[in-house]
Amino acid sequence: MKKILMIASLILIFYAGNRVAAAVIYVDSSRNAGLNNGTSWSDAFLSLQSALNIAVSGDEIWVAKGTYKPSYDYGLGGGSRYFHFRMKNDVAIYGGFAGTETAVSQRTDVRAGEVNETILSGDLNGDDVITGAGATLSISNNSENCYHVFYHPSGSGLNTTAILDGFSITGGNANGSDPNRDGGGMLNNTASVSLNNLYIYGNSASYTGGGICNINSAPVIIGCSIRKNCSLAAG
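What comes next is a walk through the structure. It should be emphasised that the depicted structure is a prediction, and the values quoted were computed from it without experimental measurement. Residues take numbers from 1 onward in each chain, read along the sequence in its written order. Residues qualify for local features only when their pLDDT is at least 70, as the model is predicted, and side-chain atom pairs are given and counted only at 80 or more; totals for whole chains, interfaces and linings, by contrast, use all residues. Computation of side-chain values covers all heavy atoms of the structure but excludes hydrogens and water.

1. Details of the nonpolar core
Definition used in this section: a nonpolar core is a set of buried Ala, Val, Leu, Ile, Met, Phe, Trp, Tyr and Cys residues joined via side-chain atoms within 4.5 Å. Residue exposure (1.4 Å probe, protein chains only): buried if accessible area is under 20% of the type maximum, exposed if over 50%, otherwise partly exposed. In this structure, Ile61, Met87, Ile93, Phe150 and Leu164 are the most contacted members of the largest nonpolar core, which totals 38 residues. Whether two residues touch is decided by their heavy atoms; if any such pair falls within 4.5 Å, the residues are in contact. If sequence neighbours within four positions are ignored, methionine 87 has contacts with Ile93, Phe150, His152, Leu158, Ala162, Ile163, Leu164, Met186, Val193, Ser194 and Leu195.

What follows is the structure, given as structure tokens:
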């Protein structure tokens with residue numbers, strides 16, 4: 001009997017480390033109970049990064065309303081300003097859920113200011129001040145912000161199977177040296193991802209692409225609003 005139990009335990013450990021792609025990984029920062037393992041709304045991960053860490057080809061990540069901030073630098077070092085999110089090929093990341101849905105099509109009220117808005121923010125202190133518009137646009141209190149909310153570096157090789165849908169992206173401040181001077185909201189280098197139903201605002205760059213900067217990239221952008229971002233140079 002002991003041998004049988006030992007073999008069963010080893011099998012469970014093997015499958016835990018070699019997970020077959022799950023249909024959905026759930027994220028909800030408002031959950032104060034549950035297993036925090038992403039297997040259901042009741043046991044949802046509290047952070048988006050936790051879901052990205054385990055996502056494999058074929059997975060979908062469903063993110064409930066609320067604000068989520070980067071917490072991982074992907075080995076870049078240098079402190080929290082280097083924190084950012086990265087998409088993955090063949091993984092779709094959906095925001096705008098109330099936290100009870102059983103299908104992506106059931107999402108409602110997902111846009112900016114609506115009840116199920118899901119915000120991905122590089123504003124680590126949560127104190128950015130955005131005033132004005134156009135020539136009078138000003139973004140302040142952002143010196144501690146992440147350089148990028150999303151950063152897909154040179155050689156990332158992402159394609160349109162990497163999908164981001166139903167989020168507001170804000171608070172990136174790319175005011176460092178190259179490559180951290182471009183693409184406050186998102187910097188794509190050889191990353192032609194799919195961007196759907198996004199509101200990209202309140203990001204800045206000291207050179208190009210306050211909201212989004214694409215280098216050798218041709219993302220497919222559908223139903224997105226990119227406004228109230230600022231950069232020193234055009235682009």
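Next comes the rest of the description.
2. Considering the packing of aromatic side chains
Any aromatic ring pair is given by two values, namely how distant the centres are and how the planes are angled relative to each other. What counts as a ring pair is set by centres within 6.5 Å for rings of Phe, Tyr and Trp (its six-membered ring), and what kind of pair is set by the plane angle: stacked under 30 degrees, edge-to-face over 60, tilted for all other angles. Under the definition given, this model contains nine aromatic pairs. Each ring, one from tyrosine 26 and one from tryptophan 62, has its centre 5.6 Å from the other, and the planes form 75°; the classification is edge-to-face. On the criterion of sequence distance, the pair formed by tyrosine 26 in strand β1 (residues 24-27) and tryptophan 62 in strand β2 (residues 60-64) is long-range, its members being 36 residues apart. Measuring from centroid to centroid gives 4.8 Å for tryptophan 62 and phenylalanine 97, while their planes differ by 10°, and the two rings are stacked. In this pair, tryptophan 62 sits in strand β2 while phenylalanine 97 sits in strand β4 (residues 92-97), placing the two residues 35 residues apart along the sequence. Side by side, tryptophan 62 and phenylalanine 97 carry an identical accessibility label, which is buried. Members of the aromatic cluster, joined through ring pairs, are Tyr26, Trp41, Trp62 and Phe97. Counting from the N terminus, the helices are the DSSP runs of H or I reaching at least four residues and the strands are the DSSP runs of E reaching at least two.

3. Regarding the sheet that holds strand β19 (residues 230-231)
Hydrogen bonding along the main chain pairs the strands of a sheet, whether they run parallel or antiparallel. Two strands pair under a simple rule: DSSP has to find at least two bridges between them. Reading across the sheet, the three strands line up as β11-β15-β19 and stay open at both edges, with parallel pairing between neighbours. Either end of the sheet is taken by a strand with one partner, and the two such strands are β11 (173-174) and β19. Examined bridge by bridge, β11 and strand β15 (residues 204-205) share two bridges and lie parallel to one another. Bridge pairing links asparagine 173 to serine 204 in β15.

4. Considerations on the pattern of salt bridges
When a carboxyl oxygen of Asp or Glu lies within 4 Å of a side-chain nitrogen of Lys or Arg, that pair is called a salt bridge. Taken as a whole, this structure holds three salt bridges when the rule is applied. Between aspartate 28 and arginine 31 there is a salt bridge; the shortest N-O distance is 3.0 Å. The partner of aspartate 182 in a salt bridge is arginine 181, and the shortest N-O contact between them spans 3.8 Å. For aspartate 182, a relative accessible area of 6% translates into the label buried. Residue classification places arginine 181 among the partly exposed positions, given a relative accessible area of 29%.

5. A look at the pairing of β4
Of all six residues making up β4, six are buried, and the element is well covered by its neighbours. Note that β2 and β4 share four bridges and pair parallel. Its bridge partner lying in β4, glutamate 60 is registered against alanine 92. Of the strand pairs in this sheet, β4 and strand β9 (residues 163-165) are connected by three bridges, and their pairing is parallel. Across the sheet, tyrosine 94 pairs through a bridge with aspartate 165, a residue of β9.

6. Considering the sheet that holds strand β12 (residues 186-189)
In space, the three strands of this open sheet follow the order β8-β12-β16, with parallel pairing throughout. The open sheet has two free edges, formed respectively by β8 (150-152) and β16 (212-215), since each of these has just one partner strand. When the angles between neighbouring strand axes are averaged without regard to direction, this sheet yields 5°. Taken together, the four bridges between β12 and β16 define a ladder with parallel strand orientation. Each axis is a line fitted through C-alpha atoms, and for a helix only the stretch in contact is used; angles between axes span 0 to 180 degrees, taken between their N-to-C directions.

7. Re the side chain of aspartate 43
Turning to its location among the elements, aspartate 43 is positioned in the loop between β1 and α2 (48-54). For the charge count, each Lys or Arg is scored as positive and each Asp or Glu as negative, with His and the chain ends excluded. Nearest to the buried, unbridged aspartate 43 among oppositely charged side chains is arginine 31, at 8.5 Å. With near-sequence residues (within four places) excluded, aspartate 43 lies in contact with Gly34, Leu35, Asn36, Asn37 and Gly38.

8. Here's the deal with unusual backbone geometry
Omega for the bond connecting aspartate 178 with proline 179 falls within 30 degrees of zero, at 10°, which places this linkage in the cis form. Relative to the helices and strands, proline 179 resides in the loop between β11 and β12. For asparagine 36, which is not glycine, the phi torsion reads 55° and is therefore positive. Secondary-structure assignment places asparagine 36 in the loop between β1 and α2. On the basis of relative accessibility, which here comes to 37%, the residue asparagine 36 falls in the partly exposed class. One non-glycine residue, lysine 228, lies in the positive phi region at around 55°. Checked against the element boundaries, lysine 228 lands in the loop between β18 (225-226) and β19.

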